[in-house]
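Structural features, examined
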Amino acid sequence: MVNLVEVKGLTKKFGKFTALNNIQMTINEGEIYGFIGPNGAGKSTTIRILLGMLKATSGEVKIFGKDAWKDAVEIHKQIAYVPGDANLWPNLTGGEVIDIFLKMRGNGNKNRRDELIERFNLDPSKKCRAYSKGNRQKIALISAFASEAQFYIFDEPTSGLDPLMERTFQQCVLEVKNEGKSVLLSSHILSEVEKLCEKISIIREGKIIETGTLSEMRHLTRTNLIVKTIKPLPPFETKQGVHNVNYENGEISFQVDSEELDSIIKFISEFGIQKLESSPPTLEDLFLRHYENAKSIASNGGKGQ
Amino acid sequence: MNLTLIKGTGQLVKIIIRQHRFQLIAWLIGIVGVSLAVASSYQSIYQTANDKTAFALTMQNPAMVAMLGPGYDAKEYLVTVGTQFAHEMLLFSVIAVAIMSILLVGSSTRTDEETGRIEVIRSLPVGRLSYLAACIIVVGFVNLIITLLIGVGLRLLNIEGITFESSILYGAILGTGGFIFGSITAFFAQLSDTSRGTKGLAFGALIIAYLIRAVGDVGNEQLALISPLGWSVRTDVFIENYWWPINISILLSGVVLIFALYLNSIRDIDSGFLPKRKGKTSASPYIMTTFGLIYLIQRTKIVAWSIGIFALGAAFGAVLGDMEKYFADNEFVQMMLSQVGDFSITEQFLTMLMGIMSLISAIPVIMTILKLKSEEIHNRTEHFYSRSISRNQVLGSYTLLAIVESIIYLMVLALGLWLAALTMMDDPISFGTVVQSALIYLPALWVMIGITVLIFGFVPKITSVIWLYYAFCYVVAYVGGMLKFPDWMKNVSVFEVIPKLPGEEINVIVLVLVLAISIVLLFIGFFGYKKRDIVG
Ligand SMILES: Nc1ncnc2c1ncn2[C@@H]1O[C@H](COP(=O)(O)OP(=O)(O)OP(=O)(O)O)[C@@H](O)[C@H]1O
Ligand SMILES: [Mg+2]
């Protein structure tokens, strides 16, 4: 089977500044792929290269087995893209813009368009300059979902959407997935990525620092624990693999590295466990950890900010 | 006035000046430099009293009056060369300063509001009127500098008959003329809710002011006095030095500004006072093509410019009739004319007019290509390029539109001129002659398109270079002869190499060459655009 997206050794420089450094990325058919990272990490740049708007400095970028730069027009027949801040033509109405977008791809579905306008609760008769940010975003989303694409690319698609509309968006993504289509979702809303994506890449300063399924990533990291014991626990912050200890109302919450879990539980159980809650790390935990690492490396390494 | 309304104005003045500093310096150098250069060259042009009388007669013919204002009594052209200079340069210098002011005010009011800059500023401890007030101060300040630089500079040239008072007055005409149109723009910025609309209204006002003055100067002085440009040409500068036009200009600016500030203080941010219409819920088929959409985005501009150019053409056409009579009654001129050859004075005038009007038509044509740059900056080309539309298709549509526009503008120019001439002249010139002398400039306009596409295709950051080249072409056409530019330098302007019809012969080789250049420029430009990164 051909991989839907195949990125190998992608590097992008803007003058001397290296925005992307040796990126690898593979997206399979029918997969929802999450793409997260701090501001300025290179998410949008990667997406613009996938869309053939920026030219890779080096490396190979293939979508549907075709070159993202050279065969852009051909590839885009099967792609729907939603930018994070949809800038629309101020003197056209929302309805007009949706029609234009559908026509540009050439395979829009009129019924689906009307149904989506209904679902996203959009007034299509207003001029784009009069729409709020969220409403402009809806226009881009409606045009994307109403088109019959194979691959959907979203760059922070829900910025500005209210929680209700965010849910509508998530439903639409799942529907698309059920039809066997693929999605690339770049987002700062980690709960959304957590809910939707099977596979996730974390990018920082132009480098992919972690890729895998959420459970694979969790495996490598920490578990959150909350315990209450009969006998008071001695201070154990210094124990190997224990992090972020917090005492609150007689309960202790902390995180344990996966490989130390066994020994820590044994240690605690000697004090008589009254209550034990464990939860897997959230994506936010994973993300923050990577981020903190980066900061400490930067400050210890003496490179400064 | 409540002082909290204008809190922070001083800081904002600095910010606005900083944002526009290069552009303002370019304008200042251009306006002051050309004015002084031309003024100093006049001394050597018309030496004898005979030459000066001939000049006076040419300048007083109705077409010239329509184009440049009423001028002076014939005798007064003998008193000082300042009068010749003022009659030829004053009005168009005022217009240049007005354009500068319109652009400055337009972009530091509505553009900054549209892009959200004013929103950020207003969230700071800054008064509601501060931004507009700062913008007014800046435009006032810039016009004051122009007044002083030109006023002092002219005096320093030590031209006979130009006193300090008169040179300052000359500068003040430019400065106040610019300030009025800056103020009017500030007012329109409250009515329209876009920067395009604001600048459109302001340029519309400028064109109307020019036309009213033209018609008034030729026929009815009362009418001319309605127009601020009518005041500008009535100071009798270098002779009587009347100051009333300056005072009344400042007064009018003040009144307009008070209205603007008032409207600004009561309106919502991002809104205007002109009504908005309710739109369609679905798109009509024609705008669903790439070309159709691109046309739709620029439709208003195209219609407005077509009307403006038609009106200018008609205004000059109408004068042709008067001109015929003027020359028929004037033996001296007839004597002069017989030396020129077989071509009537109307035909010669036509030649000159087409030279200027083709340059004016180039503005909207260049703007069409540059619109693609603004679309890219506003992240709107990504809508094309994330769908299956190629770069050639998009740039091609813009180029095609610009080419179609170039034909439209020259055609409506010819049509307006010919229709008006038809009604006014006893022996009207043929439509064919008019159309030919207009359309011959098409290759020149296409070279302008080509250069713009070329720059945009490779280095979109520096597209404003095209305006420098444009300004150069304008200077060559307007005062190139007077400044004694060498031929090679004049020929750098593509408008200069085009054969002037009627009068010169159609030089096919030159035309083909110019056409070939435009095609080559386009090709290279398209090539560059295909290869470069798209920002958004
Ligand atoms: N055209 C450009 N020229 C120079 N630098 C650029 C250009 N475009 C992006 N960059 C830089 O590349 C880096 C990556 O930017 P990018 O927009 O991809 O970040 P991002 O991950 O999308 O961030 P965000 O979460 O804020 O959207 C940033 O440091 C940015 O400043
Ligand atoms: Mg981004």
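What you see is a predicted model; the values in this text were computed from it and never measured.

**Points about the overall build of chain B**
A tally of regular secondary structure across chain B gives 23 helices and zero strands. Computed over the C-alpha atoms, the radius of gyration of chain B is 24 Å, within 12% of the 24 Å expected from 2.2 N^0.38 for a compact globule of 536 residues. Referenced to the eigenvectors of the C-alpha coordinate spread, the extents of chain B come out at roughly 70 × 60 × 40 Å. Relative to its 536 residues, chain B shows a buried fraction of 55%. A sequence separation of at least 24 residues applies to 78% of the contacts in chain B between residues at least 6 apart. Here chain B displays about 22,400 Å² of accessible surface, and carbon together with sulfur accounts for 68% of that area.

**A word on the site of ligand 1**
All names here are of chain A. Around ligand 1 lies a shell of 13 residues, among which G40, K43, S44, T45 and H188 are the nearest. Here an oxygen atom of ligand 1 sits 2.8 Å away from a polar atom, N or O, in the main chain of G40. About the coverage of ligand 1: the protein hides 62% of its 640 Å² of free accessible area. Tallying contributions element by element places helix α1 (residues 43-50) first for the shell around ligand 1, with three residues.

**As for the pairing of strand β13 (residues 251-257) of chain A**
Consecutive residues of a regular strand have side chains that alternate between opposite faces of the sheet. Residues and elements named next belong to chain A. The buried count for β13 comes to five of seven residues, which makes it a mostly enclosed element. For strand β11 (residues 222-229) and β13, the ladder comprises six bridges, and the chain directions are antiparallel. Across the sheet, the residue bridging to L225 is F254, located in β13. Both strand β12 (residues 242-248) and β13 contribute to a ladder of five bridges, which runs antiparallel. From the neighbouring strand, Y247 faces β13, where its bridge partner is I252.

**Regarding helix α9 (residues 195-219) of chain B**
Residue and element names in this part refer to chain B. In this model, α9 (25 residues) spans 36 Å end to end at C-alpha, consistent with the 36 Å of a helix rising 1.5 Å per residue. By the burial criterion, the buried members of α9 are S195, T198, A202, A205, L206, A209, Y210, L211, R213, A214, G216 and D217. Sitting at the amino-terminal end of α9 is T194, which places a side-chain oxygen 2.9 Å from the backbone nitrogen of G197.

**Quick word on the interface of chain A and chain B**
The interface of chain A with chain B comprises 38 residues on the first partner and 37 residues on the second. The junction of chain A with chain B conceals about 3,400 Å² of combined surface from both sides, 56% of it contributed by carbon and sulfur atoms. It is A:M53, A:W89 and A:M104 in chain A that bury the most area against chain B; as a group they hold 21% of the surface buried on that side. As a salt-bridge pair, A:R48 and B:E382 come within 2.9 Å of each other at their nearest N and O atoms. Counting every contact that joins chain A to chain B gives 17 residue pairs in polar contact (both at pLDDT 80 or more). Taken together, the elements giving at least two residues each to the side of chain A that touches chain B come down to β1 (5-14), α2 (72-76), β6 (79-82), α3 (94-105) and α4 (110-119) of chain A. It is α3(A) that contributes the most residues to the side of chain A that touches chain B, eight residues altogether. In terms of residue class, the side of chain A that touches chain B is made up of 17 nonpolar, eight polar and 13 charged.

**Observations concerning the nonpolar core**
Of all hydrophobic cores here, the largest spans 239 residues; its most connected members are A:F145, A:F154, B:Y170 and B:F495. By residue number, the principal contributor to this core is helix α5 (residues 81-114) of chain B, which donates 15 residues. When near neighbours in sequence (up to four residues on either side) are disregarded, A:F145 contacts A:R112, A:L116, A:F120, A:Y152, A:F154, A:F169, A:C172, A:V173 and A:V176. Formed by 13 residues, the second largest nonpolar core is a distinct cluster that contains A:L225, A:V227, A:F236 and A:V256.

**Structural notes on the sheet that holds strand β3 (residues 32-36) of chain A**
All names here are of chain A. The strand order across the open sheet formed by six strands is β6-β7-β8-β3-β9-β10, and the pairing between neighbours is mixed. Two strands bound the open sheet, and with one partner strand each, they are β6 and β10 (207-213). The sheet shows a mean angle of 15° between the axes of neighbouring strands, taken without regard to direction. Bridging between β6 and strand β7 (residues 151-155) involves four bridges; their strand directions are parallel.

**Let's talk about the packing of α4(A) against helix α6 (residues 163-178) of chain A**
Residue and element names in this part refer to chain A. Across the interface, α4 lies against α6 with an axial gap of 11 Å and an inter-helix angle of 145°. Residue-level inspection shows R112, L116 and R119 of α4 in contact with α6, the latter providing M165, T168, Q171, C172 and E175. Class assignment of the residues belonging to the contact of α4 with α6 gives a composition of three nonpolar, two polar and three charged.

**Observations concerning the packing of aromatic side chains**
Counted by the stated rule, this structure contains 22 aromatic pairs over all chains. Relative to B:F238, the ring of B:Y170 has its centre 5.8 Å away and its plane inclined at 20°; by these criteria the two rings are stacked. Pair noted here: B:Y170 is in helix α8 (residues 164-191) and B:F238 is in the loop between α11 (228-232) and α12 (244-266), with a separation of 68 residues, a long-range link. We classify B:Y170 as buried; its relative accessible area is 0%. Sitting over the face of the ring of A:F101, B:R387 holds its NZ or CZ atom 4.1 Å from the ring centroid. The side chain of B:R532 reaches across the aromatic face of B:F456, ending 4.8 Å from its centre.

**Quick word on the environment of B:A202**
Residues and elements named next belong to chain B. Among the secondary structure elements, A202 is positioned in helix α9. Judged by its relative accessible area of 1%, A202 is buried. Contacts of A202, omitting those with residues within four sequence positions, involve I102, T185 and F188.

**Looking at the confidence of the model for chain A**
Residues and elements named next belong to chain A. Averaged over all residues, the pLDDT of chain A is 87; the fraction at 70 or higher stands at 93%. When mean pLDDT is compared element by element in chain A, strand β8 (residues 182-186) scores highest at 96, while helix α10 (residues 283-300) scores lowest at 67. A low-confidence stretch, residues 301-305 (pLDDT under 50), is modelled with three contacts involving residues beyond four sequence positions or located in other chains.

**Focus on the domain arrangement of chain A**
The domain boundaries assigned to chain A delineate domain 1 (3-213) and domain 2 (222-280). Taking only C-alpha atoms into account, the centre of domain 1 of chain A sits 42 Å from that of domain 2 of chain A.

Scoring rules and cut-offs
- Residue indices begin from 1 for each chain and proceed along its sequence in written order.
- Chains and ligands are labelled by the order in which they are written, letters from A for the one and numbers from 1 for the other.
- The model is predicted, so local features are restricted to residues of pLDDT at least 70 and side-chain atom pairs to those at 80 or more, both for listing and for counting; the totals for chains, interfaces and linings are taken over all residues.
- Note that the side-chain values use all heavy atoms of the structure and ignore hydrogens as well as water.
- Helix and strand definitions follow DSSP, with helices as H or I runs of at least four residues and strands as E runs of at least two, each counted in order from the N terminus.
- As a reference, a globule follows 2.2 Å times the number of residues to the power 0.38, and the radius of gyration itself is taken over C-alpha atoms.
- Partly exposed residues are those whose accessible area sits between 20% and 50% of the maximum for their type, while under 20% is buried and over 50% is exposed, using a 1.4 Å probe and protein chains only.
- Contact definition: two residues touch when any of their heavy atoms are within 4.5 Å.
- Only the protein chains shown count as covering a residue, and every accessible area follows the Shrake-Rupley method with a 1.4 Å probe.
- Nearness is judged by heavy atoms alone; a residue qualifies as near a molecule or strand once a single heavy atom is within 4 Å of it.
- Residues adjacent in sequence count toward polar contacts only when both atoms are side-chain atoms; beyond that, a polar contact is any pair of N or O atoms within 3.5 Å, and within protein one must be able to donate a hydrogen and the other to accept it.
- Between any two strands, at least two bridges found by DSSP are needed for them to pair.
- Here the expected span of a helix is defined as 1.5 Å times the quantity of residues minus one.
- Here the buried area means the combined drop in accessible surface, using a 1.4 Å probe, for two parts upon being joined, counting both sides.
- Only one rule defines a salt bridge in this text: a Lys or Arg side-chain nitrogen within 4 Å of an Asp or Glu carboxyl oxygen.
- Think of it as three bins: nonpolar holds Ala, Val, Leu, Ile, Met, Phe, Trp, Tyr, Cys and Pro, charged holds Asp, Glu, Lys and Arg, and polar takes everything else, Gly as well.
- What makes a nonpolar core is a set of buried Ala, Val, Leu, Ile, Met, Phe, Trp, Tyr and Cys residues whose side-chain atoms join them at distances within 4.5 Å.
- Convention adopted: a line fitted to C-alpha atoms gives each axis, helices being fitted over their contacting stretch, and angles between N-to-C directions are expressed from 0 to 180 degrees.
- The rule is short: rings of Phe, Tyr and Trp, with Trp giving its six-membered ring, pair when the centres are within 6.5 Å, and they are stacked under 30 degrees, edge-to-face over 60, tilted in between.
- Note on geometry: a ring has a charge over it if NZ (lysine) or CZ (arginine) is within 6 Å of the ring centre and within 35 degrees of the ring normal.
- For every residue, the predictor states its confidence as a pLDDT score lying anywhere from 0 to 100.
- An automatic or database domain assignment supplies the start and end points of every domain.

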